[in-house]
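Take a look at the letters that make up each chain.
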Amino acid sequence: MTAWSNRQYRNNKTIALVPTMGYLHEGHLSLVRLAKKHADLVVVSIYVNPTQFGPTEDFSRYPRNIKRDLKLLKEEGTDVVFTPSNMYESKIFFSINPGSLQNELCGKFRPGHFEGVATIVLKLFNVIQPQVAVFGQKDAQQFAILKKMTKELDLDIKMIAAPIVREPDGLAMSSRNVYLSSGERHSVAPTLNTALRFIQDAFGKGNTHAPLLLKKAAQIPKGKLQYLAAVDPETLLPVKKLVPGTLVAGAMFAGKTRLIDNITL
Ligand code: AMP
């Protein structure tokens, strides 16, 4: 992979990377299209990274369909699909610790997750050597952490966040939506987005008191809400007053499936 990248650089070509865990949907493909606008060549990585899953999470049953993924990526004109079977030494000593950024939002409920994410993304950066990397705003905390990582570790990589691609009823597309039963999919899953839109609408009408609006919005989801928070998009710390740019993010269980969503006011 690295040899290929070096050959491209010798020919003055730029490379954009789209890291994924596969089981691709329209959200992933939108990242590929955006990546193409920012570089000569697009590399998509598909790797279900074990170090970002907790011991009780869905690593072993995470959906996979590499044949279909390759077909979709070919149709998008992807230049290289990087599909390593393993990215780790048998014993690991080093990892990237995102500090207090991993204590907020999803990080509170997924200890070690963002350390796993930051480490694998840095490894992918080192192997693929992109000048541009494209991520989804769907994983807003992930993007905030990775953007900070590139800055603090002096990586010369342009970090781009792409808008969330949604189903017609507002549900954010996710590889995990395949876990949902038909009842969960139709009556429960979209209600996290309904709660977020309630806050956005209220903000549009001039309401800026975050604690009050969050309390009201928390009544809306029909699944088990794990958290709903309004935070500064960079520090991820809670804010009391909503302003343009405030990140409102939440996680909810629809049955056993954990769903996340967010909006930027
Ligand atoms: P994943 O395969 O779930 O790790 O996601 C790979 C990349 O696709 C991440 O940067 C995600 O934020 C992004 N992504 C996932 N779902 C969506 C979506 N519905 N819209 C936009 N980007 C997404």
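Read on for an overview of the structure. Since the model is a prediction, treat every value here as computed from it, not as a measurement. (Residues numbered from 1 in each chain as written. Predicted model: local features only at pLDDT ≥ 70, side-chain atom pairs only at ≥ 80, totals over all residues. Heavy atoms only, no water.)

1. A closer look at unusual backbone geometry
Link 1 in the chain: In the Ramachandran plot, Asn-12 falls in the positive-phi region, its phi being about 60 degrees despite a non-glycine side chain.
Link 2 in the chain: Inspection of the secondary structure puts Asn-12 in the loop between helix H1 (2-10) and strand E1 (15-20).
Link 3 in the chain: Even without being a glycine, Asp-154 presents a positive backbone phi close to 60 degrees.
Link 4 in the chain: With respect to the helices and strands, Asp-154 occurs in the loop between helix H5 (140-152) and strand E5 (158-162).
Link 5 in the chain: The class for Asp-154 is exposed, based on a relative accessible area of 66%. (Helix = DSSP H or I, 4+ residues; strand = E, 2+ residues; numbered from the N terminus. Buried < 20%, exposed > 50% of the residue type's maximum accessible area, 1.4 Å probe, protein only.)

2. So, the sheet that holds strand E6 (residues 224-231)
Link 1 in the chain: Read from one edge of the open sheet, three strands run E6-E7-E8, paired in antiparallel fashion. Each edge of the sheet is formed by a strand with only one pairing partner; in this case those strands are E6 and strand E8 (257-264). Averaged over all pairs of adjacent strands, the angle between their axes in this sheet comes to 10 degrees, without regard to strand direction.
Link 2 in the chain: With seven bridges joining them, E6 and strand E7 (residues 247-254) adopt antiparallel strand pairing. Bridging across to E7, Leu-225 finds its partner in Met-252. (Pairing = 2+ DSSP bridges. Axes fitted to C-alpha atoms, helices over the stretch in contact; angles between N-to-C directions.)

3. Things to note about the site of the ligand
Link 1 in the chain: Inspection of the region around the ligand gives 17 residues, with Met-21, Gly-136, Asp-139, Val-165 and Met-173 positioned closest.
Link 2 in the chain: The separation between an oxygen atom of the ligand and a polar main-chain atom of Gly-136 is 2.8 Å.
Link 3 in the chain: Asp-139 is positioned with one of its side-chain polar atoms (N or O) 2.6 Å from an oxygen atom of the ligand.
Link 4 in the chain: Here the ligand loses 93% of its free accessible area of 490 Å² to cover by the protein chains.
Link 5 in the chain: Within the residue set of the shell around the ligand, elements represented by two or more residues are E1, helix H2 (26-38) and strand E4 (132-136).
Link 6 in the chain: Here the shell around the ligand gets three residues from one element, more than from any other, and that element is H2. (Near = heavy atom within 4 Å. Polar contact = N/O pair within 3.5 Å; in protein donor to acceptor, adjacent residues only side chain to side chain. Areas by Shrake-Rupley, 256 points an atom, 1.4 Å probe, with all protein chains shown as cover.)

4. Thoughts on the packing of aromatic side chains
Link 1 in the chain: Applying the stated criterion across every chain, the model contains four aromatic pairs.
Link 2 in the chain: Ring geometry for Phe-53 and Tyr-62: centres 5.9 Å apart, planes at 75 degrees, overall edge-to-face.
Link 3 in the chain: By relative accessible area, which is 11% here, Phe-53 ends up buried.
Link 4 in the chain: Positioned above the aromatic ring of Phe-93 is the side chain of Lys-91, whose terminal nitrogen or guanidinium carbon lies 5.0 Å from the ring centre. (Phe/Tyr/Trp six-rings, centres within 6.5 Å; stacked < 30°, edge-to-face > 60°. Lys NZ or Arg CZ within 6 Å of the ring centre and 35° of its normal.)

5. Looking at the nonpolar core
Link 1 in the chain: Counting 25 residues, the largest nonpolar core has Val-43, Val-121, Phe-125, Phe-135, Leu-146 and Met-159 as the members making the most contacts within it.
Link 2 in the chain: Looking at this core, the elements with two or more residues in it are E1, strand E2 (41-46), strand E3 (80-82), helix H4 (113-128), E4 and H5.
Link 3 in the chain: Considering every element that reaches this core, the biggest residue donor is H4, with eight residues.
Link 4 in the chain: With residues up to four places along the chain from it excluded, the contact list for Phe-125 reads Leu-17, Pro-130, Ala-133, Phe-135, Met-149, Thr-150, Leu-155, Ile-157 and Met-159.
Link 5 in the chain: If you look at the next biggest cluster of nonpolar residues, it comprises 17 residues, including Val-42, Ile-46, Val-132 and Ala-162. (Core = buried A, V, L, I, M, F, W, Y, C linked by side-chain atoms within 4.5 Å. Contact = heavy atoms within 4.5 Å.)

6. Points about the sheet that holds E1
Link 1 in the chain: The strand order E3-E2-E1-E4-E5 describes an open sheet built from five strands, whose pairing is parallel. In this open sheet, the two strands that pair with only one neighbour each are E3 and E5. Going from strand to strand, the sheet's axes swing by 25 degrees on average, the running direction of each strand aside.
Link 2 in the chain: Of the strand pairs in this sheet, E2 and E3 are connected by three bridges, and their pairing is parallel. Bridged to Val-43 within E3 is Val-80.
Link 3 in the chain: Packing of helix H3 (residues 66-75) onto the sheet brings it into contact with E2 and E3, and relative to E2 it is tilted by some 170 degrees.

7. Topic: the side chain of Glu-104
Link 1 in the chain: Structurally, the position occupied by Glu-104 is in the loop between E3 and H4.
Link 2 in the chain: Buried and unpaired, Glu-104 has no salt bridge, with Lys-108 as the nearest side chain of opposite charge at 4.4 Å.
Link 3 in the chain: The contact partners of Glu-104, leaving out residues within four places of it in the chain, are Gln-141, Leu-236, Leu-237 and Pro-238. (Lys, Arg positive; Asp, Glu negative; His and termini not counted. Salt bridge = Lys/Arg side-chain N within 4 Å of Asp/Glu carboxyl O.)

8. Examining the pattern of salt bridges
Link 1 in the chain: Enumeration over the complete set of coordinates arrives at seven salt bridges.
Link 2 in the chain: A salt bridge links Glu-26 to Arg-33; the shortest N-O distance between them is 2.8 Å.
Link 3 in the chain: Judged by relative accessible area, Glu-26 falls into the partly exposed class, the value being 34%.
Link 4 in the chain: Connected via shared salt-bridge partners are Glu-26, Arg-33 and Glu-76.

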